[in-house]
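So you can see what is in the structure, the chains are spelled out below.
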Amino acid sequence: AQSVSQHNHHVILSEAASLELGCNYSYGGTVNLFWYVQYPGQHLQLLLKYFSGDPLVKGIKGFEAEFIKSKFSFNLRKPSVQWSDTAEYFCAVTPYTGGFKTIFGAGTRLFVKA
Amino acid sequence: DVKVTQSSRYLVKRTGEKVFLECVQDMDHENMFWYRQDPGLGLRLIYFSYDVKMKEKGDIPEGYSVSREKKERFSLILESASTNQTSMYLCASSLLAGEQETQYFGPGTRLLVL
């Protein structure tokens, strides 16, 4: 069965530190890749997505992610985090299987200390 | 802006009760989804619907049913609530069928089954 693994369940950083959240998936075919974010008390919302083309994609609020096909990875990065980045981050993968079921990772809770 | 609303933010029910969770989207989206979100497990798909009166099982449909009589409304039904159905339930919608579509989420319903 397809699966999505997020390497860290909890991450604590100080403001201005760099962030990298790992995401790996297990499907060998074509995929679309997403990062969603859930800020405290808010809806889950899209941060960025990759469909094709440049494997480095940029999203909102200075986030970016790099798709490395050979490693089945789609890691999320931000050079300098802010207190307002405190949230839970979910990696998600939609395999091209003829349906459109999206598989979510378990999530990473990021806490940024002011 | 897409708006996805859920009928209740918090719900407390007793074991054996029939529970209805309702979701409404206002952007004429074709597809609607029900997930449950549990700590450490991420989002797991219960059911989805790609058209009125159409439904497909997700990864964990047991103990749940759904209804989509109108395009904008997607209901999740717990026929006989059990304590292991205590969870956060998220509804989502997306515009078109296909792997590239971003999902838009509602605020969630936190259900406690006693």
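Residues numbered from 1 in each chain as written. Chains lettered and ligands numbered in written order. Predicted model: local features only at pLDDT ≥ 70, side-chain atom pairs only at ≥ 80, totals over all residues. Heavy atoms only, no water.

1. Quick notes on the side chain of Q37 of chain B
Okay, step 1: If you trace the backbone, Q37 of chain B turns up in strand β4 (residues 31-38).
Okay, step 2: Among the residues examined, Q37 of chain B registers a relative accessible area of 13% and is labelled buried.
Okay, step 3: Within polar-contact distance, the side chain of Q37 of chain B engages the side chain of Q38 of chain A at 3.2 Å.
Okay, step 4: Sequence-distant contacts of Q37 of chain B, defined by excluding residues within four places in its chain, comprise Q38, E88 and F90 of chain A together with G42, L43, S87, M88 and L90 of chain B. (Helix = DSSP H or I, 4+ residues; strand = E, 2+ residues; numbered from the N terminus. Buried < 20%, exposed > 50% of the residue type's maximum accessible area, 1.4 Å probe, protein only. Polar contact = N/O pair within 3.5 Å; in protein donor to acceptor, adjacent residues only side chain to side chain. Contact = heavy atoms within 4.5 Å.)

2. Observations concerning the interface of chain A and chain B
Okay, step 1: Taken together, the contact between chain A and chain B spans 23 residues of the former and 25 residues of the latter.
Okay, step 2: Taken over both partners, the interface formed by chain A and chain B buries close to 2,000 Å², and the fraction arising from carbon and sulfur atoms is 57%.
Okay, step 3: Counting across the interface, chain A meets chain B through one salt bridge.
Okay, step 4: Taking the shortest distance from any N to any O, the salt bridge between K101 of chain A and D59 of chain B comes out at 3.0 Å.
Okay, step 5: The interface formed by chain A and chain B contains six residue pairs in polar contact (both at pLDDT 80 or more).
Okay, step 6: At the level of elements, β5 (31-38), β6 (44-50) and β10 (87-95) of chain A are the ones that each hand at least two residues to the side of chain A that touches chain B. (Buried area = accessible area lost by both parts, 1.4 Å probe. Salt bridge = Lys/Arg side-chain N within 4 Å of Asp/Glu carboxyl O.)

3. Examining the pattern of salt bridges
Charged atoms that come close allow side chains of opposite charge to pair.
Okay, step 1: Scanning the entire structure with this criterion turns up 13 salt bridges over all chains.
Okay, step 2: Through salt bridges with shared partners, a single ionic network connects K58, E64, E66 and R77 of chain A.

4. Things to note about the packing of aromatic side chains
Okay, step 1: For the structure shown, the criterion picks out 13 aromatic pairs over all chains.
Okay, step 2: The interplanar angle of 45° and the centroid separation of 5.7 Å between the aromatic rings of Y36 of chain A and F104 of chain A together place this pair among those described as tilted. Here Y36 of chain A, found in strand β5, pairs with F104 of chain A, found in strand β11 (residues 103-104); they are 68 residues apart in sequence, far enough to count as distant. Assigned by exposure class, Y36 of chain A and F104 of chain A land together as buried.
Okay, step 3: Among the aromatic side chains, those forming a connected cluster through ring pairs are F34, Y36, F51 and F104 of chain A together with F33, Y35, F48 and F105 of chain B. (Phe/Tyr/Trp six-rings, centres within 6.5 Å; stacked < 30°, edge-to-face > 60°.)

5. What about the sheet that holds strand β7 (residues 64-70) of chain B?
Residues and elements named next belong to chain B.
Okay, step 1: Strand order in this open sheet of four strands is β1-β3-β8-β7, and the pairing throughout is antiparallel. The open sheet terminates on both sides in strands that have one partner only, identified here as β1 (4-6) and β7. Strand after strand, the sheet turns through a mean of 20° between neighbouring axes, direction not considered. (Pairing = 2+ DSSP bridges. Axes fitted to C-alpha atoms, helices over the stretch in contact; angles between N-to-C directions.)

6. As for the state of the cysteines
Okay, step 1: Tallied over the full model, the rule gives two disulfides over all chains.
Okay, step 2: The partner cysteine of C23 of chain A in its disulfide is C91 of chain A, sulfur to sulfur 1.9 Å. Here the S-S torsion is close to -65°, and the disulfide linking C23 of chain A with C91 of chain A is therefore left-handed. A residue pair is termed long-range when its members are at least 10 positions apart, and C23 of chain A in strand β4 (residues 23-25) and C91 of chain A in strand β10 qualify at 68 residues. For the pair C23 of chain A and C91 of chain A, one class covers both residues: buried.
Okay, step 3: Paired through a disulfide, C23 of chain B and C91 of chain B show a sulfur-sulfur distance of 1.9 Å. Across the S-S bond of C23 of chain B and C91 of chain B the torsion is about -80°, and the bridge reads as left-handed. Placement of the pair is C23 of chain B in strand β3 (residues 19-25) and C91 of chain B in strand β9 (residues 87-94), with a sequence separation of 68 residues.
Okay, step 4: Of the residues examined, C23 of chain B reaches a relative accessible area of 0% and is grouped as buried.
Okay, step 5: Judged by its relative accessible area of 0%, C91 of chain B is buried. (Disulfide = S-S within 2.5 Å.)

7. Some remarks on the environment of A106 of chain A
Okay, step 1: Within the secondary structure, A106 of chain A is located in the loop between β11 and β12 (108-113).
Okay, step 2: The class of A106 of chain A is buried, set by a relative accessible area of 16%.
Okay, step 3: For A106 of chain A and Y27 of chain A, which are 79 residues apart along the polypeptide, the C-alpha to C-alpha distance reads 17 Å.
Okay, step 4: Setting aside anything within four residues of it in sequence, one finds A106 of chain A in contact with Q6, H9, E88 and F90 of chain A together with G40, L41 and G42 of chain B.

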